[in-house]
Amino acid sequence: MERKARIRKQLLEPELLPSSYDTAWVAMVPLPGSPQVPCFPQCVEWILQTQQSNGSWGLIQMDSSINKDVLSSTLACVLALKRWNVGREHIKRGLRFIGRNLSTATDEQSVAPIGFNITFSGMLSLGIEMGLEFPVGQTDVGRILHLREVELKRLIGDKSDGRKAYMAYVAEGQGNLLDWNQVMKFQRKNRSLFNSPSTTAAALIHNFDDKALQYVKLLVSKFGSSVPTVYPTNIYHQLSMVDSLEKIGISHYFSTEIKSILDVAYSFWLQRDEEIMLDVAACAMAFRLLRMNGYDVSSDDLYHVDETTFHNSLQGYLNDTKSILELYKASEVSVSENECILDNIGDWSASLLTEKLFSDWVQTTPLFQEVEYALKFPFYATMERLDHKRNIEHFNIYGSHMLKTEQLPCCVNQDFLALAIQDFDFSQSIYQYELLHLESWAKENRLDQPQFARQKLSYCYLAAAATIFPPELSDARMSWSKNGVLTTVVDDFFDVGGSQEEHENLIALVEKWDEHSKDEFYSEQVKILFCAIYTTVNQLAAVASAVQSRDVQKHLIELWLQLLRSMMSEAEWRMRQYVPTIEQYMSNAVVSFTLGPTVLTSLYFIGEKISDCVVNDQEYKELFRLMSTCGRLLNDIQGLERESMEGNLDYVSLLVHHSGGSMSIETAKETIRKSIASCRKDLLKLVLREDTAVPRPCKELFWKMCKTVHLFYSQTDGFSSPSEMVSAVNAVISEPLKPQIRNPSPAMQSEK
């Protein structure tokens, strides 16, 4: 309970950690009209109180190394104290620390804050002007000052808006070399420069501006004696936490807080508030989270994030991978063929990310692995619990974002991870018990005996557990799994295992249902199939009827009859060697793909009341049609060779046949892929639409099955393969979590 309470508090009021670097620049701002007096003496006092034992300032580190961020923060704090001639001993200790570690400044292997070569060299130059004596040789000082000269010369020929934004962002490292009037053109409505306290404070020092002073005063009044490295970023931090909670599978514990955050984000979106719109990563993340949570956001609102404007932005100029990845993820949540803006963003962001993968980027970094995974597995071809496990195992507690100084994630990351591990472990113990129950059910119903049938019990349960994952939805998982097993066996019965007489006998028995007699079975395998269907449907109907407070047995039987009749039609076409039209084939195929009993029965078990009106509503039927169309077409592309060997029709061969020879198999497949993408987008649009006949949790089940079939059939016919999905089964059901706790960021040296 305490853990959840801490997370709730952080969600609603994100805690921003203080930045020594930015606080130092704020501390250097003079009182208007009194240049020898600090405007914010409390910040000067904070610096005096927070020096580390080794003489440095900055984030407390966990190992014995030193990074450029700490070096930069320490120099800024030394300058602030020297500016007001206080803390003589603090200055000496700080200078000794800098002297001992100055070689880090020129170490190309050390991760550098944004603009380090400009800001650090600029501060070093300023320190020399102030009369500071650095305990290093002139050659070392000259080498570092040269870094800024080289960097500025390199940038002279670049006239892009992105370069201008970058130069303004790192303005504190350039002092009188800059035209500060040009810098002030980047001032935002909130009176800051780039939401950066250090840049805004530097502008106050060099070019007093009353609006900038109001911004800094607001910061100090809000945070006390120190300031963060970016402000305001509340909405970005909150959205990042919501995203993390969803990615590791524990967002359902915080639905009230998440709703509150998304309501605020939606309000910001409608107002085109610059806190969202001027930050590419925040804008893309807000769009994706809002859309996927049912808020009406138009992709047209992303008109300002085309490739050209991105490259002309600060994030674009810095080639910020996180921003590009967020744009790519946003592009995936398309709900229409006409969302050209998303298509364009998807094309160029994917291209940039692919380039990064083939660059000299360190492949073990969390961000590299996240980019690699995102490109390999689109969000519509994943199963939630599989994703949750991967994200938990790769969760980076100590992950930080390097801006002009290091920005740590929220303070409750360890709580996030601990709760996610606890939740997954508990769920997995339930999944293991349910799988044993499912195996007993299959044996009791003799479903392991038919020689013609694919044994896909674990795959069917995987599809259930990895999508309907909350522990309390056991009945829904059992319904999904049992119907999945039954429909697989029956599908094989109609494809290869049964004769026409057996097919007709099975259908006749289901039509009679309670009126059937034991001497009517044409064969033993018909008896096995009918008895399994009859017993299972009756059991599920009894539970579902109790949940729904009405009798749903008739509907469940009808779902099976529709499926069996559609399979019979395909069997008759095969026996008569009849070639149906495209329309005939697809009209029948959306039913024969077998998802009716699996998905539509499970809807009754997820806690929502589903009336006859809902079942008969056009939306319900369209959701089923779109889901099943995606599944059938994906299956037909990957199963072409197998189906042809068995003499079965499929959409690929029908397209080629009806084209009169003008269409090749590859062209047919490409045509089908476009149809799949169109159906998938239409399905997602229906699922996300608010205030419709079908309850949202029910609509999500259609989408989850669509994602499942995309994963099963993304590379091959994964469902028919005996090994393709085994690792996924083991990951979700049997293999324990193996969290990869990463080392924290590089740390500071101890004073000797």
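The coordinates are above.
Residues numbered from 1 in each chain as written. Predicted model: local features only at pLDDT ≥ 70, side-chain atom pairs only at ≥ 80, totals over all residues. Heavy atoms only, no water.

## Some thoughts on the packing of helix α31 (residues 618–638) against helix α35 (residues 696–712)
- Between α31 and α35, the shortest axis-to-axis distance is 9 Å and the interhelical angle comes to 5°. As far as their axial angle goes, α35 and α31 are roughly parallel. Contacts from E619, Y620, L623, F624, M627, C630, G631 and L634 of α31 reach α35 at K699, F702, M705, C706, V709 and H710. (Axes fitted to C-alpha atoms, helices over the stretch in contact; angles between N-to-C directions. Helix = DSSP H or I, 4+ residues; strand = E, 2+ residues; numbered from the N terminus. Parallel < 35°, antiparallel > 145°, perpendicular 65-115°, else oblique. Contact = heavy atoms within 4.5 Å.)

## Overview of unusual backbone geometry
- With an omega of 0°, the peptide bond running from Y231 to P232 counts as cis.
- Secondary-structure assignment places P232 in the loop between α11 (210–223) and α12 (234–247).
- Its identity as a non-glycine residue notwithstanding, T594 has a phi of 85°, on the positive side.
- By the secondary structure assignment, T594 is in the loop between α28 (582–592) and α29 (595–602).
- Phi angles above zero are rare outside glycine, and D691 is one such case at about 55°.
- Of note, D691 is situated in the loop between α34 (665–688) and α35.

## Focus: the packing of helix α27 (residues 553–576) against α29
- α29 packs onto α27 with a crossing angle of 160° between their chain directions and a minimal axis gap of 9 Å. Between α27 and α29, the interaxial angle falls into the category roughly antiparallel. Along this stretch, α27 crosses α29, giving a crossing that reads as right-handed. Residues L556, L559, W560 and L563 of α27 form the contact with α29, whose own contacting residues are G596, P597, L600 and T601.
- Here the residues of the contact of α27 with α29 are counted per class, giving six nonpolar, two polar and no charged. (Left-handed = near helix turned anticlockwise from the far one by under 90°. Nonpolar A, V, L, I, M, F, W, Y, C, P; charged D, E, K, R; others polar.)

## Some remarks on empty space enclosed by the protein
- Applying the stated criterion to the full structure yields three cavities of 30 Å³ or more.
- As a volume, the largest cavity reaches approximately 540 Å³.
- In terms of lining residues, the largest cavity is bounded by 33 residues, among which D491, F593, T594, N635 and Y713 are the most central.
- At the level of elements, α23 (457–465), α24 (474–497), α27, α28, α29, α31, α32 (640–645) and α35 are the ones that each hand at least two residues to the lining of the largest cavity.
- With six residues, the single largest contributor to the lining of the largest cavity is α24.
- For the lining of the largest cavity, the per-class residue count stands at 14 nonpolar, 10 polar and nine charged.
- Counted as a void, the second largest cavity has a volume near 170 Å³.
- Surrounding the second largest cavity, 21 residues form its lining, L17, P18, T229, E406 and Q407 being those nearest its centre. (1 Å grid on protein atoms, 1.4 Å probe; cavity = no way out; pocket = protein on both sides within 12 Å on 5 of 7 lines; lining within 4 Å. Points joined across faces, edges and corners; volume = space filled by probe spheres on them.)

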